[in-house]
Amino acid sequence: MKSELSNIKIDAVITWVNGNDKIWQEKINAHSDKKLDFGKKKNKARYNSIGEIDIAIQSIIKFASFVSNIFLVTDNQQPDSFLSLQKLAKDKGINLLLIDHKVIFKGFENYLPTFNSCSIGCMLFKIPNLSEHFIIFNDDTFLMRDTKPNDFFINGYPIIRGKEDLFREDRKLRSIYRKFLALTNRPVKEKTCSFKQFQQTSAKLAFGGKRDSYIRRYHTPVCLRKSTLENFFAHNNLLENNIKHRFRHKTQFIISSLSEHLEIKQKTFYYRSNTQLTYFRSYKYPILVKLKLYLFLKKKHSLFVTFQSLDMADKNTLSYILNWIEMRLSPNT
């Protein structure tokens, strides 16, 4: 069946951490200068887990049946439902496999444990037996409509989704703002370790700084080719310099944007300005949540739904969302 759908083998990779795990909480606090209080709302929002990983895996099994392997990358953790998910995947001809950080950091174990998604992401292409073509999913990004291989790769080249944008320092308005602050002797406050900044750093790295704009991507799955990364890192020591940080550092790049801009440089990509994404970051207004889910069903080209900090939704809104997801994942849908 898979050979009829695509002439290339495609794998899926998901990174996951169970922030409710007491052992993991003790581990991160043992290595952090600033101890985290996991009873506080801010830390709950970043690390709390309410079963999103189950949804992510189920959505791939149902809506991307062409996938050969799903690799779940963790730090000595396993979802409670893993065995049942593994059986569900096997019934569809898909292998669901756990990959520990120690496996992908082989030869670089001195940088473990790490709590840095930038560092972990950089090592995903070292998963043993990983296919040349693979897709990286976040554990809060779900497929909610049937997909085909050519929704991710065309003629073996990855599809890049996003918006072309200027680098922040090239914006005229920001330049004027900086001059104004300088005249008033006020410091320029720079937001560090932001997703946007990491993307810009990655684009500059790929092009050696010889580019005025970059593709700003959003929270969609990322399509990569293993050989693109292997060829790039074979000629420098950038990989080790990037993964040495246990926590996010302002100088880091992210593998998703680096890979995409390497493909852009080589002209080995396909571009879609339509991200095909419905994105949720706030659940403050339940009526808007319901409207966006309704519109997703109406927009037949929409494929992905991302729920950031889903646990922050109120009880009724969360129930509505989970019921909506359950209906989408139902065998009859």
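In this text, all values refer to a predicted model and were calculated from it rather than measured experimentally.

Quick word on the pairing of strand β2 (residues 69–74)
For β2, the tally of buried residues reaches six of six residues, placing the bulk of the element in the interior. Burial of the side chains of β2 extends over both faces: Asn-69, Phe-71 and Val-73 are buried on one face and Ile-70, Leu-72 and Thr-74 on the other. With four bridges joining them, strand β1 (residues 10–15) and β2 adopt parallel strand pairing. Opposite Ile-14, over in β2, you have Leu-72 as the bridge partner. By the bridge criterion, six bridges tie β2 to strand β3 (residues 95–100) in an arrangement that is parallel.

A word on the sheet that holds strand β13 (residues 304–307)
The three strands are arranged β5-β13-β12 in an open sheet whose pairing can be described as mixed. The sheet is open, and its two borders are formed by β5 (141–143) and β12 (277–280), each paired with just one other strand. Going across the sheet, the axis of each strand differs from the next one's by a mean of 20°, ignoring polarity. Of the pairings in the sheet, the one linking β5 to β13 comprises three bridges and is antiparallel in character. If you follow Leu-143 over to β13, its bridge partner there is Phe-304. Contacting β12 and β13, helix α13 (residues 286–298) crosses the sheet at an angle of about 170° to β12.

Describing the pairing of strand β10 (residues 222–225)
Burial of β10 is two-sided: the residues Val-222 and Leu-224 facing one way and the residues Cys-223 and Arg-225 facing the other way are all buried. Examined bridge by bridge, strand β4 (residues 133–137) and β10 share four bridges and lie antiparallel to one another. Bridging across to β10, Phe-134 finds its partner in Leu-224.

Looking at the packing of aromatic side chains
Scanning the entire structure with this criterion turns up twelve aromatic pairs. Each ring, one from Phe-142 and one from Phe-307, has its centre 6.0 Å from the other, and the planes form 40°; the classification is tilted. Here Phe-307 lies in strand β13 and Phe-142 lies in strand β5, a separation of 165 residues in the sequence. Here Phe-142 matches Phe-307 in class, with each residue buried. Following the ring pairs from residue to residue traces out a cluster consisting of Phe-125, Phe-232, Phe-233 and Phe-253. Positioned above the aromatic ring of Tyr-320 is the side chain of Lys-290, whose terminal nitrogen or guanidinium carbon lies 4.9 Å from the ring centre. Cation over ring: Lys-292 sits above Phe-280, and NZ or CZ is 4.5 Å from the ring centre.

Rules used in this analysis
- Residues numbered from 1 in each chain as written.
- Predicted model: local features only at pLDDT ≥ 70, side-chain atom pairs only at ≥ 80, totals over all residues.
- Heavy atoms only, no water.
- Buried < 20%, exposed > 50% of the residue type's maximum accessible area, 1.4 Å probe, protein only.
- Helix = DSSP H or I, 4+ residues; strand = E, 2+ residues; numbered from the N terminus.
- Pairing = 2+ DSSP bridges.
- Axes fitted to C-alpha atoms, helices over the stretch in contact; angles between N-to-C directions.
- Contact = heavy atoms within 4.5 Å.
- Phe/Tyr/Trp six-rings, centres within 6.5 Å; stacked < 30°, edge-to-face > 60°.
- Lys NZ or Arg CZ within 6 Å of the ring centre and 35° of its normal.

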